[in-house]
Amino acid sequence: MHKVDLPADVREDAVLERRRNKELQRRSRIFNTHVRTIGIDKKALDAQIREKKIKDEIDKKIHAAYATDMTQNEKISTLLEERQEQDTRNLKKAIEEFRQSFQKPGTCPEFDLNDPQAQKKDIPARISDNDPRCTIAGLQKFLGEDLNSKHRLKFQQEQLREWSMQQQQELEKARADKIIKEILYDQKRKALDQITAELQQSEEHSRQAVCTATQNFNMALASEIKVKKQIEKQQEEEDNMTEILNLINGDLLSENPEQAASAVGPHRVVPDRWKGMSVVELKEIKQIQLEQAKEKTRQKEEEKQREAEWDYHRVKTARMAILLERQQERLRRNFRKTLDAANMQLAHENKEQQKHLHSVVYSYVPTAQYFEQFNKTNR
């Protein structure tokens, strides 16, 4: 039985030893700062880079092979195209030589119908107006035709040249006439300017004479108006003196009470003639004023009494409000004292709690053994 169990233990020990070795290798790789970079396997990355470089080299070689094959195929296709074009040119040349040798245009039976020089070789339908071939039914001579067109064209050109020379002469003559007209216009303009200056000078003299005459007339008119105003002022003063004397001696300023009597009744007066009241009327008015004064004094006493009552009620209300405010202030002070006592109790409890935390709870200081328990394994 021990012989059967022994190999199993050896295998388990080998498995454990292999796992332990892998764990040590993994730990050395992870904790080695020269090999890894925060979770990156440098060897695997280097292997990937090498594989990528090998793949790139293979791709370059494949592309180079494809490029070489493409260049070779292009050269072959170019040679084939040149050979085909040469064969086509040779075939066309042989066909053209055969046509020139055995298929000339003159050998064709219908050449006279397709001859390009047939019109040049043919005789014109009409040589002149007296051609005997020009019969009535031949339709070779029509109204308006001109066989002497060259002579007529030459004659027309000569006539056009003469017309051109005549036009040039007319233009030169027109230029000369224009210059003469401009000279005459300048002379006439100068004469008109001189006449205009003379007219302006005479007009200026006339304007000065008119201004002098107007000034003299205005001065005479001003003196006449001044005399007239003096006469009117003197007449007005005399009228005013007469009116003043009439008013002084009249019933208006003499204060005649009878003039204010109205025709409507004895109790009515004319407002614009009334000069005042009599002594009896004045006494009656004074009596009425005294009675009004007494009534006003009585009203003032009543108003004063009412104000005193209102002042009493106002003072009473203010006193009650002050007492109510004092009571509220006492209640507020009592509430504040109670709140301060509760806050002091809470502050004392908080202080005792903080003291307990700093003296008991937070009194532990970490040792080196606490920090050595980290980074022991890679898991």
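Note that the structure is a prediction, hence the values are computed from the model and not measured.

Quick word on the overall build of the protein
No. 1: In terms of regular secondary structure, the protein is built from eight helices and zero strands.
No. 2: Going residue by residue from the N terminus, the α and β elements of the protein occur as α-α-α-α-α-α-α-α.
No. 3: For the protein, the computed accessible surface area is about 36,500 Å², with 57% contributed by carbon and sulfur atoms.

Section: a nonpolar patch on the surface
No. 1: Nonpolar side chains collect at one region of the surface, where Ile 54, Ile 58, Ile 62 and Tyr 66 lie side by side and expose about 400 Å² of accessible area between them.
No. 2: Within the element layout of this structure, Ile 54 appears in helix α2 (residues 42-102).

Regarding a negative patch on the surface
No. 1: A cluster of acidic residues, Glu 232, Glu 236, Glu 237, Glu 238, Asp 239 and Glu 243, forms a negative patch on the protein surface.
No. 2: Looking at the secondary structure, you find Glu 232 in helix α5 (residues 149-249).

Brief notes about the pattern of salt bridges
No. 1: One pass over the full model with this rule turns up 13 salt bridges.
No. 2: A salt bridge links Glu 303 to Arg 306; its shortest N-O distance comes to 2.4 Å. With Glu 303 and Arg 306 both in helix α7 (residues 279-359) and three residues apart, the pair spans about one turn of that helix.
No. 3: By relative accessible area, which is 42% here, Arg 306 ends up partly exposed.
No. 4: Three or more residues are tied together by salt bridges with common partners; here these are Asp 186, Arg 189 and Asp 193.

Topic: the confidence of the model for the protein
No. 1: Averaged over all residues, the pLDDT of the protein is 82; the fraction at 70 or higher stands at 84%.
No. 2: The least confident element of the protein is helix α6 (residues 251-254), whose mean pLDDT is 60; the most confident is α7, at 90.

Definitions and cut-offs
- The numbering scheme is per chain: residues are counted from 1 as the chain's sequence reads.
- For a predicted model such as this one, the threshold for reporting local features is a pLDDT of at least 70, and the threshold for listing and counting side-chain atom pairs is 80 or more; totals across whole chains, interfaces and linings nevertheless cover every residue.
- The side-chain figures draw on all heavy atoms in the structure; neither hydrogens nor water molecules are used.
- A run of H or I in DSSP counts as a helix once it spans at least four residues, and a run of E counts as a strand once it spans at least two, with each numbered from the N terminus.
- Residue burial considers only the protein chains on display, and all accessible areas are found by Shrake-Rupley using a 1.4 Å probe.
- Within this analysis, patches are made of residues with over 30% relative accessible area and no salt bridge. Like charges are joined at 9 Å or less; nonpolar side chains (Val, Leu, Ile, Met, Phe, Trp, Tyr) at 5 Å or less.
- By definition, a salt bridge exists where a carboxyl oxygen of Asp or Glu is found within 4 Å of a side-chain nitrogen of Lys or Arg.
- When charges are counted, Lys and Arg contribute as positive and Asp and Glu as negative, whereas His and the chain ends are disregarded.
- Every charge is mapped to an atom, namely NZ of Lys, CZ of Arg, CG of Asp or CD of Glu.
- Note on classification: 1.4 Å probe, protein chains only; a residue is buried when its accessible area is under 20% of the maximum for its type, exposed when over 50%, partly exposed between these limits.
- Confidence scores here are pLDDT values: one per residue, from the predictor, ranging 0 to 100.

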